[in-house]
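Single-letter residue listing:
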Amino acid sequence: MALCSRRNFLKTGLAAGVLAGSGGLRLRAARGTATDWVTLGKSGVKVTRLALGTGTKSGQVQRDLGQEGFTRLVRHAYDQGVRFFETSETYGGMHQMLGWAWR
């Protein structure tokens, strides 16, 4: 095992800093976008990184838009590349409004 002296630590740190500054060492992951396709957990299902949720205050916020306003929101999200729409029967009919928005 190599002895870790202050001199060796500083030399290694300096070398890493030079590599990082020159682009020779990648320190950060590539930045993703909202519409990148990712795998949902271990399911193998591919979805966009960003989802449009329909359950804000159990769907009340979306219901207050009315069907026409909600349809515009859903279609705008789709036009921007969102392909992951989250809903539930417990959101008070939001799954039905989402179905109408896609017609």
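The shown structure was predicted, so the numbers you read here are calculated from the model rather than taken from an experiment. (Residues numbered from 1 in each chain as written. Predicted model: local features only at pLDDT ≥ 70, side-chain atom pairs only at ≥ 80, totals over all residues. Heavy atoms only, no water.)

Draft legend 1. Up close: the pattern of salt bridges. This model, assessed by the stated rule, comprises two salt bridges. The partner of Arg 49 in a salt bridge is Asp 36, with the nearest N and O atoms 3.6 Å apart. In this pair, Arg 49 is assigned in the loop between strand 2 (45-48) and strand 3 (51-53) and Asp 36 in the loop between helix 1 (6-22) and strand 1 (37-40), connecting sequence segments 13 residues apart. What makes Asp 36 partly exposed here is its relative accessible area of 26%. With its nearest N and O atoms 3.2 Å apart, the salt bridge here joins Glu 68 to Arg 72. Residue Glu 68 and its partner Arg 72 are located together in helix 3 (residues 66-79), separated by four residues, close to a single helical turn. For Glu 68, a relative accessible area of 61% puts it in the exposed group. (Salt bridge = Lys/Arg side-chain N within 4 Å of Asp/Glu carboxyl O. Helix = DSSP H or I, 4+ residues; strand = E, 2+ residues; numbered from the N terminus. Buried < 20%, exposed > 50% of the residue type's maximum accessible area, 1.4 Å probe, protein only.)

Draft legend 2. Looking closely at the packing of aromatic side chains. Taken as a whole and judged by the stated rule, the model has one aromatic pair. Between Phe 85 and Trp 102, the aromatic rings sit 5.4 Å apart at their centres with planes inclined by 85°, giving edge-to-face as the arrangement. Note that Phe 85 is positioned in strand 4 (residues 84-86) and Trp 102 in the segment after helix 4 (94-101), a separation of 17 residues in sequence. Since its relative accessible area comes to 51%, Trp 102 is described here as exposed. Above the face of the Tyr 78 ring, Arg 83 is positioned so that its terminal group lies 3.6 Å from the ring centre. (Phe/Tyr/Trp six-rings, centres within 6.5 Å; stacked < 30°, edge-to-face > 60°. Lys NZ or Arg CZ within 6 Å of the ring centre and 35° of its normal.)

Draft legend 3. Summary view of the nonpolar core. Ranked by size, the top nonpolar core spans eleven residues in total: Leu 52, Phe 70, Val 74, Ala 77, Val 82, Phe 85, Tyr 91, Met 94, Met 97, Leu 98 and Ala 101. Taken together, the elements giving at least two residues each to this core come down to helix 3 and helix 4. Among the elements that line this core, the one with the most residues is helix 4, at four residues. When neighbours within four sequence positions are excluded, Leu 52 is seen to be in contact with Leu 73, Val 74, Val 82, Phe 84, Phe 85 and Glu 86. (Core = buried A, V, L, I, M, F, W, Y, C linked by side-chain atoms within 4.5 Å. Contact = heavy atoms within 4.5 Å.)

Draft legend 4. A look at the pairing of strand 2. Two elements, strand 1 and strand 2, share four bridges in a ladder whose sense is antiparallel. Counterpart to Leu 40 in the pairing with strand 2 is Val 45. (Pairing = 2+ DSSP bridges.)

Draft legend 5. Quick peek at helix 3. Here helix 3 spans 20 Å end to end across 14 residues, near enough to the 20 Å set by a 1.5 Å rise per residue. Directly beyond the C-terminal end of helix 3, a positive phi value near 105° is found at Gly 81. (Expected span 1.5 Å × (residues − 1).)

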